[in-house]
Amino acid sequence: MKTITNKEKYRVLEKSDLQSLKDMNEEIKKSKFRQKFHIQPITGLLNDPNGFCFFDDEWHIFYQWFPFGAMHGAKNWYHMTSDDLVSWKNKGLALKPDTVFDNRGVYSGSAIIYDNKLNLIYTGNHKDERDIRHPYQCVAVLEDNKKFVKKDEPIINMSQDYTEHQRDPKIMYVDNKYYIILGVQDKNLKGRALIYVSDDIYNNWKLLGELKVKGYEDFGYMWECPDIIKIEDKYVLIFSPQGLQANGYKYNNIHQNGYIIGEMNFETLEFIPESEFEELDGGFDFYASQSANQNIYENTAVLIAWMGLPDSSYTTDDENWSGCLTLPRELSIKNGKLVQKPARNLKILRDDVITSHISKDYLQKIETPLEIKLDNINSKNLEINIFSDKNNSSNSGFKISFDNKKCEFTIDRGSLSNKINTNQGSTRTIKLNVLDKLDIFIDNSSIEIFINDGEYTMTSRVFPTDEECMLYIKAEDNIKLEMCRLKELMNEEFII
Ligand code: FRU
């Protein structure tokens, strides 16, 4: 990650910047790492998904955006829409850091449909002349389906009982009331979430208190991007705790994003865990996920995350862009665990079937974007090298392996030429009782693996060179293999 001066960091996008950003975008579009079916920034840095919702017959999503380079500076919200959750249109800048309340960034938040209008609830990251932070929770309304207009005053001021870390409001509508869950840090430097309530999203927000999650009183120093969703008759608390110590297979990323299934009582503010905290994804790059409000699918929720991490660097930083979002996932609960399947509409992406057969070995040149489905693995040993080198040496590429004695499923990106975040380790392993199926989505610079129909997922950025272009699959026994070319549906129109 590059370092920048405060002046560069807190720059506000003006009309006079458009030409230079357009030029930057023209250069970026030439990058071989540009994704073909993932949301990515037109320029600069993308981090969290924000304001994910279904409104006016369309899906809406926004991303945290720093336009001027691959750096974390004063963030904007960039808006995109989709009919199907698969092909997305660039709509342009929605919110920029141009008021006193958000002078150092329009930070993450969520959306709600209220009074038939799309409303965005976000954190104004205010810093004073002494560089001391005073976060505010604020609202902006989409007027005439054209322009997001910020309300003059914040809806929630900083609570003096917590540190300056108070952000990422997720708004929910439950039993005729609006609730906000907010990520905070208490004065003992422990991560917490606060719950606010109101009858009217613009006024009278009242702090009800801390969310009480028994057993999680000492669980990281900050909880970012908290979210509560209901799936069937269960509640799921999702959050991104910072500061957990790596422990065996667990918590090996610099920060985590996970969930607890349980019961939520909005009167007592108790969330009663019925599962342990589980990471949502076992790969290298997954953070700050958000579920969509006003879901159109019954009994499921759709979740999307930043395919990246804070305090990390990526190969494209030198090309003035960084970050992308994950594929949308449909959530359900099975045997007390969250199941995450690729959103059903992703089938639209499928183009020609390149191959479909049963065998033990498979070798082919890779042409991205691509989906590989393996079935009937029967928990047999398996090795896959994606983006292996031209000689297809077994020690090259992004390696996936299943060791059926140890029941270990491992991914390893340490043999790729472009190394990223090696200080965070280059392998990740999860324990699997059974390995039956894999569904792998490969874009120009990412690999998303769905294991056993969404029982586990592993998501990673990778930046293969031209020489790293082969795919090799070797199984202990016959497996069913299907490979599909995917359509290049990502729209690269330059719109601000
Ligand atoms: C998570 C996060 C949020 C914050 C935003 C700023 O990645 O740190 O807590 O609102 O990013 O871009």
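Bear in mind the structure is a predicted one, so any value in this text is a computation, not a measurement.

Peer 1: So what exactly am I meant to see when it comes to the overall build of the protein chain here?
Peer 2: Of the regular secondary structure elements, the protein chain holds two helices and 33 strands. Here the C-alpha radius of gyration of the protein chain, 22 Å, is about what a compact globule of 496 residues would show, namely 23 Å. When the 496 residues of the protein chain are sorted by exposure, 60% land in the buried category. If you take every contact in the protein chain between residues at least 6 apart in sequence, the share linking residues at least 24 apart comes to 61%. The positive charge centre, built from 61 side chains, and the negative charge centre, built from 77, are 2 Å apart in the protein chain.

Peer 1: Quick question: what am I supposed to make of the side chain of Gln35 here?
Peer 2: If you trace the backbone, Gln35 turns up in the loop between helix H2 (18-28) and strand S1 (44-55). Exposure remark for Gln35: the relative accessible area of 1% places this residue in the buried category. At 3.3 Å, the side chain of Gln35 forms a polar contact with the backbone nitrogen of Asn444. Those residues in contact with Gln35, other than ones at most four positions away along the chain, are Gln40, Cys324, Asp443, Asn444, Ser445, Ser446, Arg461 and Met490.

Peer 1: Explanation requested: the nonpolar core in the structure shown.
Peer 2: A general trend in soluble globular proteins is that nonpolar side chains are found buried together. Grouped together as the largest cluster of nonpolar side chains are 47 residues, with contacts concentrated most on Ile39, Phe52, Trp59, Ile61, Tyr63, Leu85 and Trp88. Broken down by secondary-structure element, the contributors of at least two residues to this core are H2, S1, strand S2 (58-66), strand S3 (76-82), strand S19 (287-291) and strand S20 (301-306). In terms of nonpolar packing, the next biggest core, distinct from the first, is built from 34 residues, Ile400, Ile411, Leu432 and Leu435 among them.

Peer 1: Would you explain the sheet that holds strand S22 (residues 329-334) in this entry?
Peer 2: On the basis of which strands lie adjacent, the open sheet formed by four strands has the order S19-S20-S22-S23 and antiparallel pairing. One side of each edge strand has no neighbouring strand; the edge strands of this open sheet are S19 and strand S23 (337-342). Pairs of neighbouring strands in the sheet enclose a mean axial angle of 40°, with direction left out of account. Pairing geometry for S22 and S23, over six bridges, is antiparallel. Note that in S23 the partner of Leu331 across the bridge is Gln340.

Peer 1: Before we go on, may I ask you to explain the site of the ligand in this structure?
Peer 2: With respect to spatial proximity, the complete set of residues near the ligand consists of Asn47, Asp48, Gln64, Lys75, Tyr107, Ser108, Arg167, Asp168, Glu224, Tyr287 and Trp306. The contact in question runs from an oxygen atom of the ligand to an N or O atom on the side chain of Glu224, over 2.9 Å. With the chains in place, 92% of the 320 Å² that the ligand exposes on its own is no longer accessible. Those elements giving two or more residues to the shell around the ligand turn out to be S1, strand S5 (106-114) and strand S9 (162-174). Across the shell around the ligand, the residue classes break down as three nonpolar, three polar and five charged.

Peer 1: Mind showing me how you'd approach the pairing of S3 here?
Peer 2: In summary, the side chains of a regular strand alternate between the two faces of the sheet. The element S3 is largely enclosed, with a buried count of seven among its seven residues. Of the two faces of S3, both are covered, the one formed by Asn76, Tyr78, Met80 and Ser82 as well as the one formed by Trp77, His79 and Thr81. Bridge count for S3 against strand S4 (residues 89-95) is five bridges, and the pairing is antiparallel. Counterpart to Met80 in the pairing with S4 is Asn90.

Peer 1: Quick question: what am I supposed to make of the sheet that holds S2 here?
Peer 2: Sheets are built from strands paired through backbone hydrogen bonds, the pairs being either parallel or antiparallel. The mixed open sheet is built from five strands, whose spatial order is S4-S3-S2-S1-S21. Each of the sheet's edge strands pairs with one partner strand only, and the pair in question is S4 and strand S21 (321-322). For S2 and S3, the ladder comprises seven bridges, and the chain directions are antiparallel. Within the sheet, the bridge partner assigned to Trp65 lies in S3 and is Asn76.

Peer 1: Got a minute to help me understand the pattern of salt bridges in this structure?
Peer 2: Inspection of the entire model under this criterion finds 29 salt bridges. Arg130 is the salt-bridge partner of Asp128, the closest N and O atoms lying 3.8 Å from each other. Here Asp128 falls in the buried class, since its relative accessible area comes to 12%. Residue Arg350 is joined to Glu371 by a salt bridge in which the shortest nitrogen-to-oxygen separation is 2.8 Å. Taken as a pair, Arg350 in strand S24 (residues 350-365) and Glu371 in strand S25 (residues 370-375) lie far apart in primary sequence, 21 residues in all. Exposure remark for Arg350: the relative accessible area of 24% places this residue in the partly exposed category. Under the relative-accessibility criterion, Glu371 is labelled buried at 2%.

Calculation rules
Residues numbered from 1 in each chain as written. Predicted model: local features only at pLDDT ≥ 70, side-chain atom pairs only at ≥ 80, totals over all residues. Heavy atoms only, no water. Helix = DSSP H or I, 4+ residues; strand = E, 2+ residues; numbered from the N terminus. Rg over C-alpha atoms; globule rule 2.2 N^0.38 Å. Buried < 20%, exposed > 50% of the residue type's maximum accessible area, 1.4 Å probe, protein only. Contact = heavy atoms within 4.5 Å. Lys, Arg positive; Asp, Glu negative; His and termini not counted. Charge placed at Lys NZ, Arg CZ, Asp CG, Glu CD. Polar contact = N/O pair within 3.5 Å; in protein donor to acceptor, adjacent residues only side chain to side chain. Core = buried A, V, L, I, M, F, W, Y, C linked by side-chain atoms within 4.5 Å. Pairing = 2+ DSSP bridges. Axes fitted to C-alpha atoms, helices over the stretch in contact; angles between N-to-C directions. Near = heavy atom within 4 Å. Areas by Shrake-Rupley, 256 points an atom, 1.4 Å probe, with all protein chains shown as cover. Nonpolar A, V, L, I, M, F, W, Y, C, P; charged D, E, K, R; others polar. Salt bridge = Lys/Arg side-chain N within 4 Å of Asp/Glu carboxyl O.

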